[in-house]
Amino acid sequence: MNTADLPAASIAIVPERAAHETRSTCPYCGVGCGVIVESVDGRITGVRGDPDHPANFGRLCAKGSTLHLSAAPELAPQIRALHPELRTARSAPRQAVSWNDALDHLARRFAGIIAEHGPDSVGFYISGQMLTEDYYVFNKLAKGLIGTNNVDTNSRLCMSSAVAGYKQTLGADAPPCSYADIDDASCLFIAGSNTAWAHPIVFRRIEQAKAARPAMRLIVVDPRRTETAEFADLHLQLLPGTDVALFHAMLHLMIWEDLIDPAYIAAHTTGFNALRELVRDMTPAKAAGICGLREADIATAARWFALGGPGAAAATRRPTLSMYCQGLNQSSCGTAKNAALINLHLACGQIGKPGAGPFSLTGQPNAMGGREVGGMANLLSAHRDLSNPDHRAEVARLWGVDDVPAARGKTAVEMFEAAARGEVKALWIACTDPAQSLPDQALVRRALEAAELVVVQEAYVTAATVAYADALLPATTWGEKEGTVTNSERRISRVRASVRAPGLARHDWAIAADFATRLEALLPRRAAPHGAGPMAPSGRQLGGRPTLFPYTCAEQVWNEHRESTRGRDLDITGLSWSILERDGPQQWPYPEGARGGKTRLYENATYPTADGRARFAATPYAPVAEACDARHPFALTTGRLRDQWHGMSRTGSVPRLFGHAPEPCIDLNPADLARRGWSDGELLRVSSRRGDLVLPARASDGLRSGQAFIAMHWGAEYLAGRGAEGQARLGVNGLTLPVFDPQSFQPELKHAAVRLEAANLPWHLAAFGWMPATQAHALRRQLMQELGDLPFVMCVPFGRERTGLLLRAAARGAPDAAWLARVETHFGVRGDEALHYADPSRSVRRAVRLHGERLEAAMLCGPADSVAAQRWLRDLLESGASAKPYGQWLLLPSSQPPRNIPTPGHQVCNCFDVWQIKIEAELSKIDGDADARLAVLQQRLRCGTNCGSCLPELRRLVREHAALPA
């Protein structure tokens, strides 16, 4: 029986063991893909793309395709928060308590802190992964009940510069474009986004558009030569942080060559004269020197952008669509970068028509929804301005409170800085992991230790922040939640529960509302004399008076949010959950009386500003906040991996998602490695002015000399250790700096000046093996805790049908025998169950465990050369091939592999487990042009035929391996 079309409130009566299907939305990036979730007997068993969802039309990336594996029943006892926990002293462990005890305790503590120190002594740090309903209740709790604007979100790290850029130029935080515009664009300009990895399903659509219209031009602006850049017709590999100089130079040339649209500028914009004066001196030649680009390439980009590609004139202008993400946003000049790009659209009239406009790609599944409800420290509900007294009065009337505080609250970095100073006494953290994701992790840890009360509302106990929780509140997650999300193209989709929550986990909005009603009884009355606002459901009393939080289901919360949008630019008063059930996902605005949402905005060139005109932003170029110098000569940037997401709380539980990038590393230009005498794989110490890190080097042709790259996902949960002076190594964000944009308050996570040097750790260890799936993830956490005092330790899962663990460590000398014995025990290679070799004079030890002829586990330790064999031994273990042909090589402390063992390279296709060696072998047998060879390769190996995330790499391999001679 297929129940995908049943309303959310319906109960399906299905036979025992029958499959149940639920339509929902993917919880990863902001593309907002629809999924169909398969479940049997209350257990999620599969997931596939929803062919009817307009965001993805049935496609899913590698992450979305494996969602069901993150919900495997054996994971919950290892990684999920299952019951409320409290501790009454920092030195004591948390103890399981009831929900009533937990929330009553927290209400009393919050009430006491507020009474003694005022409402701004508490802060809420929430998440773009929450549903709109969750966001709404937290926002109302902070601003309406408590009377503080100290509610911010990890979207501050993601999209706040895009918000500020839209508001500064177009008047509202409203992305004007839709995914359908990709199909109409003649020129696509991608800046600061490796779309092929960060938004793979959007990139599939770009690939299809390019295949259908080869004349379409693709320009990519990125300091790295990424998979997205390799697909481009023109790659502008600029120096980090120089985007504003590039965009100003492009506008300079557009003006000089009469490529702008003077009629559009005159009729629909203001501020152009000031901008024209600003860019007068930013010639392409000057920008080329600043950006490290060729002047001719800047000129080509300007002409293609202005005219929609080559061969056009101003009179025959074709549409240009820009897409951008964290490369512009995560900057101390992020607002200026966003606005400077939007300036180009306004100057050429490239907005408000099919295929044209500035399109911000949202990083999280519901960062848009959080912005819609005003769930940030400087925002108000429904895109109202906090600084506008009329807007504050409107919200106060809607909520039924006396007022909404006027002063901007503390944004993400500010909130933790204030906690470290002792100004914010209580922190409530929900659905996010600041002890992994915020910059300057040393400061974040000080803040969490200094706060009098830390509440963590979380689905996963693996999140680093959980260790600092005085109260742990178990929350539901994907597959268990009910509500809505809004994707990058303003499309609202339903999220539906497929299974019951494990343990005592509750929905985020319900936890916040239950706490709020308890706190409400302890705080001085803030409700307006006439009680609840006109949109609040009536009939629920608390202590003889109306409550501000009378909700019994998520739909009631959403209905209240809907009413708050009446008359606003994002008006959804014509939309309802029943319409979403009947018609599927819808775009806003969708006002009362409308028959549908709006595909694109500003088609009539009227903007939500006082005079109806868009505004040019004249902001000068400024360099990165932290310049490289003699002590810190390398420019470090961060970004995403193809198959991982954020702090890996969810993706980290799926071993196969580590196949493409199996362990942390720092990418460097090969010339930089050679110049300093470093080898590929050598451990390097990376240090900034805030902290340091040890991890292996990897040569990459995609980086300029003097630049470095570390993936943003590697926090201290996976990559840790201690420095020579005992300081903890706190993952990649132990290096990044907390300087933020003065308008968007978004920190500069994309650039830090660092120093590199050989780690000089003579003793190395590598242990790996298959583990019981019911224990592997718990053991991984245990290993990271037990070995965390070493200078370098990392532990990651691997495997496909089975779960394995890889542990690597390094130190200045060999640890004691008892320490090594514990590691051997964990990997099952101690005593008679394994084969052993030892050379005490060199501190070399090796142990392997076989099951029949197959290798099951191994541990190698000693000098670096004696551990080099871990690479081929891991390949042998994962292949499942017989170990018999390799005999003594299993224990031989040699740095060279056996001659007869194949080297598979790395995994390219996650969906079908296709490795580089198979692809290269097959390509040697195929002739024809590149497209024909790729088609045959896909037919034979199936790689790239499912999610398509590996297609950019497949194209590169086809180019690099010559065709079969005729």
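Residues numbered from 1 in each chain as written. Predicted model: local features only at pLDDT ≥ 70, side-chain atom pairs only at ≥ 80, totals over all residues. Heavy atoms only, no water.

Novice: Help me understand the overall build of the protein chain in this model?
Specialist: When helices and strands are counted, the protein chain shows 31 helices and 39 strands. Here the C-alpha atoms of the protein chain give a radius of gyration of 28 Å, agreeing with the 30 Å that 2.2 N^0.38 yields for 966 residues. Seen along its three principal axes, the alpha-carbon backbone of the protein chain occupies a region of about 80 × 70 × 60 Å. Within the span of the protein chain, comprising 966 residues, buried residues form 64% of the whole. Sequence-distant contacts in the protein chain: of pairs separated by 6 or more residues, those separated by 24 or more amount to 71%. When the 104 basic and 100 acidic side-chain charges of the protein chain are each reduced to a single mean position, those positions are 1 Å apart. (Helix = DSSP H or I, 4+ residues; strand = E, 2+ residues; numbered from the N terminus. Rg over C-alpha atoms; globule rule 2.2 N^0.38 Å. Buried < 20%, exposed > 50% of the residue type's maximum accessible area, 1.4 Å probe, protein only. Contact = heavy atoms within 4.5 Å. Lys, Arg positive; Asp, Glu negative; His and termini not counted. Charge placed at Lys NZ, Arg CZ, Asp CG, Glu CD.)

Novice: Looking at this structure, I do not really get the nonpolar core. What am I missing?
Specialist: Side chains of a nonpolar character, in soluble globular proteins, are inclined to be buried together. In terms of nonpolar packing, the biggest core is built from 122 residues, with Met250, Met254 and Trp428 touching the most fellow members. With 9 residues, helix H3 (residues 99-117) is the single largest residue contributor to this core. Mapped onto the domain boundaries, this core takes at least three residues apiece from domain 2 (85-158 + 367-547) and domain 3 (176-360). With residues up to four places along the chain from it excluded, the contact list for Trp428 reads Leu106, Phe110, Gly123, Phe124, Tyr125, Phe138, Val455, Gln457, Leu473, Ile511 and Phe515. Formed by 55 residues, the second largest nonpolar core is a distinct cluster that contains Met648, Leu683, Leu855 and Leu890. (Core = buried A, V, L, I, M, F, W, Y, C linked by side-chain atoms within 4.5 Å. Domains from an automatic or database assignment.)

Novice: Which parts of the structure should I look at to understand the pattern of salt bridges?
Specialist: Pairs can form between side chains of opposite charge whenever their charged atoms are close. One pass over the full model with this rule turns up 61 salt bridges. Where Arg494 meets Glu581, a salt bridge forms, and the shortest distance between an N and an O atom there is 3.5 Å. One end of the pair, Arg494, is in strand E20 (residues 491-495); the other, Glu581, is in helix H23 (residues 577-583), and 87 residues separate them in sequence. In this structure Arg494 comes out as buried when scored by relative accessible area, which is 4%. A salt bridge links Arg506 to Asp514, with the nearest nitrogen and oxygen atoms 3.0 Å apart. Look at Arg506 and you get partly exposed, because its relative accessible area is 23%. Beyond isolated ion pairs, a larger network of salt bridges with shared partners links Arg685, Asp692, Arg729, Arg755 and Glu757. (Salt bridge = Lys/Arg side-chain N within 4 Å of Asp/Glu carboxyl O.)

Novice: I tried to follow the confidence of the model for the protein chain on my own but got confused; where do I start?
Specialist: Any segment with low pLDDT has predicted coordinates that should not be analysed in fine detail. For the protein chain, per-residue confidence averages 94 on the pLDDT scale, and residues scoring 70 or more make up 96% of the total. Taken together, the stretch residues 1-16 has pLDDT below 50 and engages in 21 contacts with residues farther than four places along the chain or on a different chain. This stretch, residues 534-539, has a pLDDT under 50; its non-local contacts, to residues over four places away or in other chains, come to 11 contacts. (pLDDT = per-residue confidence, 0-100.)

Novice: I keep staring at the domain arrangement of the protein chain and nothing clicks. Help me out?
Specialist: It is common to give the size of an interface as the accessible area that goes away when the parts come together. What the domain assignment reports for the protein chain is domain 1 (20-71), domain 2 (85-158 + 367-547), domain 3 (176-360), domain 4 (623-760) and domain 5 (907-960). Opposite the 25 residues of domain 2 that make contact, domain 4 presents 24 residues. Looking at the side of domain 2 facing domain 4, the largest losses of area belong to Gln436, Pro439 and Asp440, adding up to 27% of the total buried there. Here domain 2 and domain 4 share 0 salt bridges between them. Run the count over domain 2 and domain 4 and you get 13 residue pairs in polar contact (both at pLDDT 80 or more). Looking at the side of domain 2 that touches domain 4, the elements that each hand over two or more residues are helix H18 (412-421), helix H19 (434-437) and helix H20 (441-450). (Buried area = accessible area lost by both parts, 1.4 Å probe. Polar contact = N/O pair within 3.5 Å; in protein donor to acceptor, adjacent residues only side chain to side chain.)

Novice: Explain the UniProt feature "domain: 4Fe-4S Mo/W bis-MGD-type" (unreviewed entry) in the protein chain to me, please; I cannot follow it from the model alone.
Specialist: Under the local residue numbering, the UniProt record ascribes the feature "domain: 4Fe-4S Mo/W bis-MGD-type" (unreviewed entry) to residues 19-75. The span residues 19-75 shows a helical share of 7% and a strand share of 37%, and its end C-alpha atoms are spaced 21 Å apart. (UniProt positions renumbered as here; feature names shortened; annotations may be inferred.)

Novice: I would appreciate a short explanation of the sheet that holds strand E19 (residues 483-486) in the present structure.
Specialist: Pairing between sheet strands relies on hydrogen bonds along the backbone, with the strands arranged either parallel or antiparallel. Taken together, 3 strands build an open sheet; the order of strands is E19-E20-E23 and the sheet is antiparallel. At either margin of the open sheet sits one strand with a lone partner, and together these are E19 and strand E23 (586-587). When E19 meets E20, the two strands line up antiparallel, connected through 4 bridges. What sits directly across from Thr484, in E20, is Arg494. (Pairing = 2+ DSSP bridges.)

Novice: Any chance you could explain the side chain of Ser39 here in plain terms?
Specialist: Following the sequence through the fold, Ser39 ends up in strand E2 (residues 34-40). On the basis of relative accessible area, Ser39 is assigned to the buried category, the value being 4%. Residue contacts for Ser39: discarding those within four places in its chain leaves Ala18, Ala19, His20, Ile44, Thr45, Ser498 and Val499.

Novice: Please clarify how helix H5 (residues 160-170) should be interpreted in this entry.
Specialist: Along an α-helix, residues three or four apart share an orientation, since each turn contains 3.6 residues. Of all 11 residues in H5, 9 are buried; the element is thus mostly enclosed. Among all positions in H5, only Ser160, Ser161, Ala162, Val163, Ala164, Gly165, Tyr166, Thr169 and Leu170 are buried. In this fold, the buried residues of H5 make contact with strand E12 (320-324), helix H14 (326-329), helix H15 (334-348), strand E13 (357-360), helix H16 (367-372) and strand E24 (614-615). At the exit of H5 stands Gly171, carrying a positive phi of roughly 100°.

Novice: Sorry if this is basic, but what is going on with the side chain of Ser949 here?
Specialist: One can find Ser949 in the loop between helix H30 (930-941) and helix H31 (951-960). On the basis of relative accessibility, which here comes to 2%, the residue Ser949 falls in the buried class. In contact with Ser949, not counting residues within four places along its chain, are Cys61, Ala62, Pro200, Arg204 and Arg642.

Novice: What's the story with the sheet that holds strand E30 (residues 719-720) in this structure? I'm lost.
Specialist: Spatial ordering of the open sheet is given by E30-E33-E34-E32-E37-E36-E35, a layout of 7 strands whose pairing is antiparallel. For this open sheet the edge positions go to E30 and strand E35 (835-839), each flanked by a neighbour on one side alone. Against the sheet, helix H25 (residues 776-786) contacts E30, strand E32 (763-771), strand E33 (792-798) and strand E34 (803-811), and its axis sits at roughly 175° relative to E33. (Axes fitted to C-alpha atoms, helices over the stretch in contact; angles between N-to-C directions.)

Novice: I keep staring at the packing of aromatic side chains and nothing clicks. Help me out?
Specialist: The description of two aromatic rings rests on the distance between their centres and on the angle between their planes. All told, the structure shown has 23 aromatic pairs when counted by the stated rule. Within the aromatic cluster, the residues linked to one another by ring pairs are Phe110, Phe124, Phe138, Trp428 and Phe515. Arg217 extends its terminal NZ or CZ atom over the ring of Trp304, reaching a point 5.5 Å from the ring centre. In this arrangement the basic side chain of Arg224 is found over the ring face of Phe709, its NZ or CZ atom lying 3.7 Å from the centre. (Phe/Tyr/Trp six-rings, centres within 6.5 Å; stacked < 30°, edge-to-face > 60°. Lys NZ or Arg CZ within 6 Å of the ring centre and 35° of its normal.)

Novice: How should the pairing of strand E27 (residues 683-687) be read in this particular structure?
Specialist: Across a regular strand the side chains alternate sides, sitting on one face of the sheet and then on the other. Burial analysis of E27 places 4 of its 5 residues in the buried class, which makes it a mostly covered element. In sequence, E27 turns back onto strand E28 (residues 692-699) through a hairpin of 4 residues. Here E27 pairs with strand E31 (residues 752-758) via 4 bridges, running antiparallel. Looking at E31, one finds that Ser687 is bridged to Arg755.

Novice: What is the right way to read the layout of surface pockets from this model?
Specialist: Rolled over the atoms, a probe as big as a water molecule pinpoints where empty space is left. One number sums up the size of the second largest pocket: a volume of about 860 Å³. Examining the composition of the lining of the second largest pocket, we find that 4 residues originate from one element, H25, more than from any other. Class assignment of the residues belonging to the lining of the second largest pocket gives a composition of 15 nonpolar, 5 polar and 11 charged. Taken domain by domain, the lining of the second largest pocket gets at least three of its residues from each of domain 2 (85-158 + 367-547) and domain 4 (623-760). (1 Å grid on protein atoms, 1.4 Å probe; cavity = no way out; pocket = protein on both sides within 12 Å on 5 of 7 lines; lining within 4 Å. Points joined across faces, edges and corners; volume = space filled by probe spheres on them. Nonpolar A, V, L, I, M, F, W, Y, C, P; charged D, E, K, R; others polar.)

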